Amino acid sequence: KIEKPKSIKCGTFGATSLQQRYLATGDFGGNLNIWNLEAPEIPVYSVKGHKEIINSIDGVGGLGIGEGAPEIVTGSRDGTVKVWDPRQKETPVANMEPVQGESKRDCWTVAFGNAYNQEERVVCAGYDNGDIKLFDLKTMSLRWETNIKNGVCSVEFDRKDVNMNKLVATSLEGKFHVFDMRTQHPTKGFASVSEKAQKSTIWQVRPLPQNRDIFMTSGGAGSLHLWKYEYPAQRSKKDSEGAEMGVAGSVSLLQNVTLSTQPISSLDWSPDKKGLCVCGAFDQTVRVLIVTKLNKV
């Protein structure tokens, strides 16, 4: 148990190896810190990354999945999304901020994806006004954007370390959207299917590491929902002008359970033990669960 003066909002082990076990955290003061849990008194890396609270953090380069540098991405209430390399002090390697004249939106969630070789990598960010933006770190440009008309609570690629395949985004009003990221149409972007899962906020989504077509959502009513994505017969088709466009699949509910009267705000699967997961809720309880029969779906 370690206590620090500033409240911590988010954390990830994603930028370091299992042997190293460095934890990167974002706090309410806008600071990004990396801690060696064997000697947690002083951070091994520290930077005042943002002017306001860091809402979300992600890493992929250190996990033995996902190629590329051990970078960390942070999203903040100040409207910016920044990518950090702990080997480079003080300045981010990428800074995605509102262009001049554009109002800054509170960034609630960030996720790495497309990290299948040393060159390719994208960052997806979700904002309080429903904006979803996909930044290509290879070309340092905005690759795609859309709006789901509702605050985006969580975005997650079905796997971070493969060619972009699917992206799930969850929203403030109980809806989630699954985007097929294989085919990007020049004007229409990515095909998607949406599902009204429940009446309350969907705080988080997590794909099952051992089967990327199954994912769990955690809700504001204290419930967990387990979903399966079914691909269409053909994932792409040509439009009237001959351009390739994606075809969305469908989602079905496999199981749901209510665990708490309070929102379940965080959730994670075990990468080793299929079906083992852990969740944290506003009732200050951490619950460890097992989902069975996953090999039969």
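Because the structure is predicted, anything quoted here is derived from the model rather than measured.

Asker: Teacher, can you tell me more about the overall build of the protein here?
Answerer: Secondary structure assignment for the protein yields zero helices and 25 strands. For a compact globule of 297 residues, the expected C-alpha radius of gyration is about 19 Å, and the protein comes in at 19 Å, within 12% of that figure. Across the 297 residues of the protein, 53% fall into the buried class. Of all intrachain contacts in the protein linking residues separated by at least 6 positions in sequence, the fraction that spans at least 24 positions is 46%. Surface summary for the protein: the accessible area is close to 14,500 Å², and the carbon and sulfur share equals 48%. Computing the positive centroid from 37 side-chain charges and the negative centroid from 34, the protein places the two 5 Å apart.

Asker: Sorry, what's going on with the pairing of strand E2 (residues 22-27) here?
Answerer: Side-chain direction in a regular strand flips from residue to residue, so the side chains alternate between the two faces of the sheet. By the bridge criterion, four bridges tie strand E1 (residues 8-12) to E2 in an arrangement that is antiparallel. From the neighbouring strand, Ile-8 faces E2, where its bridge partner is Asp-27. Note: E2 against strand E3 (residues 31-36), five bridges, orientation antiparallel. Looking at the pairing, Thr-25 lines up with Asn-33 of E3. Counting the residues that bridge the hairpin from E2 to E3 gives three residues, and of these Gly-30 lies at a positive phi of roughly 85°.

Asker: Quick question: what am I supposed to make of the sheet that holds strand E11 (residues 131-136) here?
Answerer: Sheet strands pair by backbone hydrogen bonding; their relative direction is either parallel or antiparallel. Pairing within the open sheet is antiparallel, and its four strands lie in the order E9-E10-E11-E12. Edge strands, defined here as strands with exactly one partner in the open sheet, are strand E9 (107-113) and strand E12 (141-147). Going across the sheet, the axis of each strand differs from the next one's by a mean of 20°, ignoring polarity. Where E9 and strand E10 (residues 122-127) come together, six bridges link them in antiparallel fashion. Of the residues in E10, the one forming a bridge with Thr-109 is Gly-126.

Asker: Would you explain the packing of aromatic side chains in this entry?
Answerer: Remark: the centre distance and the inter-plane angle together describe each pair of aromatic rings, the angle taken between the planes. Per the stated rule, a full pass over the model turns up six aromatic pairs. Look at Trp-144 and Phe-190: their rings are 4.9 Å apart centre to centre, the planes differ by 85°, and that puts the pair in the edge-to-face class. With Trp-144 in strand E12 and Phe-190 in strand E16 (residues 189-196), this residue pair connects regions lying 46 residues apart in the sequence. This pair shows no difference in class: Trp-144 is buried, exactly as Phe-190 is. For the ring pair Trp-203 and Phe-282, a centre distance of 5.2 Å and an interplane angle of 65° mean the geometry is edge-to-face. Pair noted here: Trp-203 is in strand E17 (residues 202-208) and Phe-282 is in the loop between strand E24 (276-281) and strand E25 (286-290), with a separation of 79 residues, a long-range link. Aromatic ring contacts, followed pair by pair, group Trp-144, Phe-179 and Phe-190 into a single cluster. Lying over the aromatic face of Tyr-45, Lys-89 brings its terminal NZ or CZ to 4.8 Å of the ring centre. The residue whose ring lies beneath Lys-133 is Tyr-127, and the NZ or CZ to ring-centre distance is 5.7 Å.

Asker: Is there a simple way to explain a positive patch on the surface in this structure?
Answerer: A surface patch of like charges, here positive, comprises Lys-149, Lys-175, Lys-196 and Lys-199. Positionally, Lys-149 belongs in the loop between E12 and strand E13 (152-157).

Asker: What is the right way to read the nonpolar core from this model?
Answerer: Side chains of nonpolar character tend, in soluble globular proteins, to be buried together. One finds Ile-132, Leu-134, Trp-144, Phe-157, Leu-167, Phe-179 and Met-181 to be the most contacted residues of the largest nonpolar core, which totals 16 residues. Elements with a minimum of two residues in this core: E10, E11, E13, strand E14 (166-171) and strand E15 (175-185). The element best represented in this core is E13, accounting for three residues. Sequence-distant contacts of Met-181, defined by excluding residues within four places in its chain, comprise Leu-134, Trp-144, Phe-157, Met-164, Asn-165, Lys-166, Leu-167 and Phe-190.

Asker: What am I meant to see in the side chain of Asp-158 here?
Answerer: Structurally, Asp-158 is set in the loop between E13 and E14. A distance of 2.7 Å separates the side chain of Asp-158 from the side chain of Asn-165, its partner in a polar contact. A polar contact of 2.9 Å, which involves the side chain of Asp-158, links it to the side chain of Lys-166. Filtering out sequence-adjacent residues up to four positions away, Asp-158 remains in contact with Asn-165, Lys-166, Pro-207, Arg-212 and Tyr-231.

Calculation rules
- All residue numbers refer to position in the chain's written sequence, counted from 1.
- Only residues with pLDDT of 70 or above have their local features reported here, since the model is predicted, and side-chain atom pairs are shown and tallied only from 80 upward, although totals for entire chains, interfaces and linings are computed over all residues.
- Hydrogens are left out, water is left out, and the side-chain values use all remaining heavy atoms of the structure.
- Helix numbers and strand numbers start at the N terminus; a helix is a DSSP run of H or I with at least 4 residues, a strand a run of E with at least 2.
- As defined in this context, the radius of gyration uses C-alpha atoms, and a globule is described by 2.2 Å times the residue total to the power 0.38.
- Note on classification: 1.4 Å probe, protein chains only; a residue is buried when its accessible area is under 20% of the maximum for its type, exposed when over 50%, partly exposed between these limits.
- Contact between two residues is taken to exist if any of their heavy atoms lie within 4.5 Å; hydrogens are not considered.
- To be clear on the numbers: accessible area is Shrake-Rupley with a 1.4 Å probe, and residue cover counts the displayed protein chains and nothing else.
- For the charge count, each Lys or Arg is scored as positive and each Asp or Glu as negative, with His and the chain ends excluded.
- Lys charges are placed at NZ, Arg charges at CZ, Asp charges at CG and Glu charges at CD.
- The rule for pairing is simple: two strands pair if DSSP sees at least two bridges between them.
- Think of each axis as a best-fit line through the C-alpha atoms, taken over the contacting stretch in the case of a helix, with angles from 0 to 180 degrees between the N-to-C directions.
- In this scheme Phe, Tyr and Trp rings, the latter by its six-membered ring, pair at centre separations within 6.5 Å, and the angle between planes marks the pair as stacked below 30 degrees, edge-to-face above 60, and tilted otherwise.
- Lysine NZ or arginine CZ positioned within 6 Å of the ring centre and within 35 degrees of the ring normal marks a charge as sitting over the ring.
- Without a salt bridge and with relative accessible area above 30%, a residue can belong to a patch; like charges are then joined within 9 Å and nonpolar side chains (Val, Leu, Ile, Met, Phe, Trp, Tyr) within 5 Å.
- Within this document, salt bridges are pairs made up of a side-chain nitrogen of Lys or Arg and a carboxyl oxygen of Asp or Glu, the two lying within 4 Å of each other.
- Grouping buried Ala, Val, Leu, Ile, Met, Phe, Trp, Tyr and Cys residues that are joined through side-chain atoms within 4.5 Å yields what is termed a nonpolar core.
- In protein, a polar contact means a hydrogen-donor-capable atom and an acceptor-capable atom, both N or O and within 3.5 Å, with residues adjacent in sequence counting only if both atoms are side-chain atoms; elsewhere, any N or O pair within 3.5 Å suffices.

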